Amino acid sequence: MEKKIIIIGAGIAGLSAGCYARMNGYETEIYEMHDKPGGLCTSWQRNGYIIDGCLHWLTGSSPVSSFHKFWMELGAIQGRSMLYQKQFYRYTGTNGRTLIIYNNANQLEAHLKEISPQDSPTIELLCRLIRRFSKFNIPVDKPYELYNFFDIIRLLFKLAPFYRDMSFCNSITIGEFARRFKDPLLREVFPIILSNEDYPLLSLVVTLGSLHAGDGGFPQGGSLEFARAIERRYLDLGGKIFYRSRVDRILEEEGSATGIHLTDGRVIKGDYIISAADLRTTLFEMLGGRHIDPKHNELFQSCKLCPSMVQVSFGVNMDLSNQPECIGELFPAPFLKEWKADWALIRNYCFDKTLAPPDKSVVVAGFSTADYAYWEKLAADKQSYQAEKEKIAAAFAEELERRYPGFKSAIEVTDVFTPVTYARYTGNWKGTFMTWIIPPNRAKQFQIIPKKVPGLDNFWLSGMWVQPPGGVPTGVMTSRQIIQMICRRDKRRFQTSIPQG
């Protein structure tokens, strides 16, 4: 008789856990509070326009990445075009000058030196690191929890050529490195390339390194279609999904997880439970705060959470395919003063023709906000909440009118979501779309986040919360690792397969 694994959440982590469990002969059921798959990896339709809420680039879109085989195993990219851009972002600084982050490190180096010859030594260091880490593939095929002595030796041998550069990049934040530049444009742009200057420099050079290597494409059709491909793979493998099924409690007996309790009163029993849901909700609500690992507690107590976003999306009756695709705008004075938004990101999705009707465009603009408490309080008053969203949408429409004359009169769809929207649809704590920002001086402490909790057997935590700072690939990696650990426990040989088509 097959053992049964219950999975909480049908985001990328939950769907991946289900797929790998089915590949290894386990009965599986996924319970999801929403009415569709993907979690944060989602899109939505508005009057013929598809608005994307997640993927900007996909690590593993190309075979050069070690993550590529995961997407193949999950059936996510077969038959799907990957769209690649030459520029990561084009930034306009407060003084009106433009800086382009090219995906190619050689082109980026030449461009940066043209902007600031005086910064040549720092530019050369940065681009050398990007080229260096374009050849680095994170070892992801086996969980560290299952490493033996020989695995450790092989890992050290693999990392040896990168050790010196990796140590340097893990010892300094992006913001600290940016302050080495003398040119004011470089100093103000580099801290916001990944939206937060507190990430270690390694995050930036690995990201730009993967783009330099030819990875990081956008899956045509957008995030929800990407998630639905994994859902289809899971269902084809014989898995079951129950939507509109919110879990409020994890059941336990004699120190073992035995099932889940749903808000509608249903009780579902299983041999193993995997939570691919929000970590705080899982630990403090579903488990009632009874099983808290000291490392998890330390994350909540002292680590900075990635701020959420306000995103304004427009469907416009304009063909903007001849305009830059990814723009960062820094403002001389704060844009939307009460939000202290001194920079914003603008993304023109014309590179994917499937997201808008012919000769029309989807443009998405947004800015970071860490003030979740304000948004939560504002949302309690629907009229005030709606007025604030309309105010922000109007401000961005004015900004885009300045950039694209005629934009305002061409608007056919306006859609605004806030940190409260993120929280309502995904359950993520404070509406964050990533997780922890681990500073360099604490990187070793949180190199491995426990996927288990003390005093509770047969239970695992999966998803981006246990693999900071997060992102779609971490959901797959952690879930695949958990199924490997369950297989080891049950003395099964972990196996995978790649569907055709």
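For the structure, check the block above.
The following paragraphs examine the structure supplied in this document. (Residues numbered from 1 in each chain as written. Predicted model: local features only at pLDDT ≥ 70, side-chain atom pairs only at ≥ 80, totals over all residues. Heavy atoms only, no water.)

1. Here we look at the pairing of strand β11 (residues 256–262)
Part 1 of the argument: In terms of burial, β11 is a largely internal element, seven of the seven residues being buried.
Part 2 of the argument: Of the pairings in the sheet, the one linking strand β10 (residues 247–253) to β11 comprises six bridges and is antiparallel in character. Paired with leucine 251 across the bridge in β11 is glycine 259.
Part 3 of the argument: Counting the residues between successive antiparallel strands, the hairpin from β10 to β11 contains two residues, one of them, glutamate 254, with a positive phi of roughly 50°.
Part 4 of the argument: The turn linking β11 back onto strand β12 (residues 267–269) is made up of four residues, and glycine 265 within it adopts a positive phi angle of 100°. (Buried < 20%, exposed > 50% of the residue type's maximum accessible area, 1.4 Å probe, protein only. Helix = DSSP H or I, 4+ residues; strand = E, 2+ residues; numbered from the N terminus. Pairing = 2+ DSSP bridges.)

2. Here we look at empty space enclosed by the protein
Part 1 of the argument: Under the defined criterion, the tally for this structure stands at two cavities of 30 Å³ or more.
Part 2 of the argument: Taken as a whole, the largest cavity spans an internal volume of roughly 100 Å³.
Part 3 of the argument: Around the largest cavity, the lining is made up of 13 residues, and of these His56, Trp57, Gln85, Phe88 and Gly216 lie nearest the centre.
Part 4 of the argument: Counting residues per element, the lining of the largest cavity draws most heavily on strand β6 (residues 87–92), which supplies three residues.
Part 5 of the argument: The volume enclosed by the second largest cavity comes to roughly 40 Å³.
Part 6 of the argument: Taken together, Ser275, Ala277, Asp278, Leu279, Thr282, Leu461, Ser462, Gly463, Trp465 and Val466 make up the full set of residues lining the second largest cavity.
Part 7 of the argument: Looking at the lining of the second largest cavity, its residues break down into five nonpolar, four polar and one charged. (1 Å grid on protein atoms, 1.4 Å probe; cavity = no way out; pocket = protein on both sides within 12 Å on 5 of 7 lines; lining within 4 Å. Points joined across faces, edges and corners; volume = space filled by probe spheres on them. Nonpolar A, V, L, I, M, F, W, Y, C, P; charged D, E, K, R; others polar.)

3. Section: helix α14 (residues 382–403)
Part 1 of the argument: With 22 residues, α14 ought to run about 32 Å at 1.5 Å a step, and its terminal C-alpha atoms sit 32 Å apart, in line with that.
Part 2 of the argument: Taken together, the buried positions of α14 are Tyr385, Glu388, Lys389, Ile392, Ala393, Ala395, Phe396, Ala397, Glu399 and Leu400. (Expected span 1.5 Å × (residues − 1).)

4. Here we look at the packing of aromatic side chains
Part 1 of the argument: Enumeration over the complete set of coordinates arrives at 32 aromatic pairs.
Part 2 of the argument: Seen from their ring centres, tyrosine 374 and tryptophan 375 are 6.0 Å apart, and the 85° between their planes marks the pair as edge-to-face.
Part 3 of the argument: Classification of tyrosine 374 as partly exposed rests on a relative accessible area of 32%.
Part 4 of the argument: Three or more aromatic residues joined by ring pairs make a cluster, and in this case those are Phe284, Phe300, Trp429, Trp436 and Trp465.
Part 5 of the argument: The ring centre of tyrosine 349 lies 5.4 Å from the NZ or CZ of arginine 347, which sits over that ring. (Phe/Tyr/Trp six-rings, centres within 6.5 Å; stacked < 30°, edge-to-face > 60°. Lys NZ or Arg CZ within 6 Å of the ring centre and 35° of its normal.)

5. Some details on helix α5 (residues 149–159)
Part 1 of the argument: Those residues of α5 lying buried are Asp151, Leu155 and Leu159. Burial along α5 is one-sided: seen end-on, the buried residues are contained in an arc of 65°. Of the residues in α5, the exposed ones pointing more than 90 degrees away from the buried face are Phe149, Phe150, Arg154, Leu156 and Phe157.
Part 2 of the argument: Those residues of α5 that are buried are in contact with α6 (163–169). (Arc of directions from axis to C-beta. Contact = heavy atoms within 4.5 Å.)

6. A short note on unusual backbone geometry
Part 1 of the argument: Here the residue pair proline 468 and proline 469 is connected by a cis peptide bond, since its omega of 0° sits within 30 degrees of zero.
Part 2 of the argument: Position of proline 469 relative to the elements: it lies in the loop between β21 (459–461) and α17 (472–489).
Part 3 of the argument: Even without being glycine, serine 195 reaches a positive phi, approximately 75°.
Part 4 of the argument: Along the chain, the position of serine 195 falls in the loop between α8 (184–189) and α9 (201–212).
Part 5 of the argument: The phi dihedral of asparagine 458 falls on the positive side, at around 65°, and the residue is not glycine.
Part 6 of the argument: Assessed through its relative accessible area of 13%, asparagine 458 is described here as buried.

7. Let's talk about the pattern of salt bridges
Part 1 of the argument: The full count for this structure, using the stated rule, is 32 salt bridges.
Part 2 of the argument: Among the ionic pairs, arginine 22 bridges to glutamate 2, the shortest N-O distance being 3.6 Å. Residue arginine 22 is found in helix α1 (residues 12–23), and its partner glutamate 2 is found in the segment before β1 (4–8); the two are separated by 20 residues along the sequence.
Part 3 of the argument: Note that arginine 266 and aspartate 264 form a salt bridge whose closest N and O atoms lie 2.8 Å from each other.
Part 4 of the argument: Residue aspartate 264 is classed as partly exposed on the basis of its relative accessible area, which comes to 48%.
Part 5 of the argument: Here the salt bridges do not stand alone but share partners, grouping Lys69, Glu73, Asp141 and Arg480 into one network. (Salt bridge = Lys/Arg side-chain N within 4 Å of Asp/Glu carboxyl O.)

8. A look at the sheet that holds strand β2 (residues 27–31)
Part 1 of the argument: Within the open sheet, the five strands sit side by side as β9-β2-β1-β13-β21. Their pairing is parallel. Two strands bound the open sheet, and with one partner strand each, they are β9 (240–242) and β21. If you compare each strand with its neighbour and ignore which way they point, the axes differ by 20° on average.
Part 2 of the argument: With three bridges connecting them, β2 and β9 associate as parallel partners. Of the residues in β9, the one forming a bridge with tyrosine 31 is phenylalanine 242.
Part 3 of the argument: α1 contacts β1, β2, β9 and β13 (272–275) of the sheet and is inclined by roughly 170° relative to β2.
Part 4 of the argument: In the packing of helix α10 (residues 223–236) onto the sheet, the strands contacted are β2 and β9, and the crossing angle to β9 comes to about 125°. (Axes fitted to C-alpha atoms, helices over the stretch in contact; angles between N-to-C directions.)

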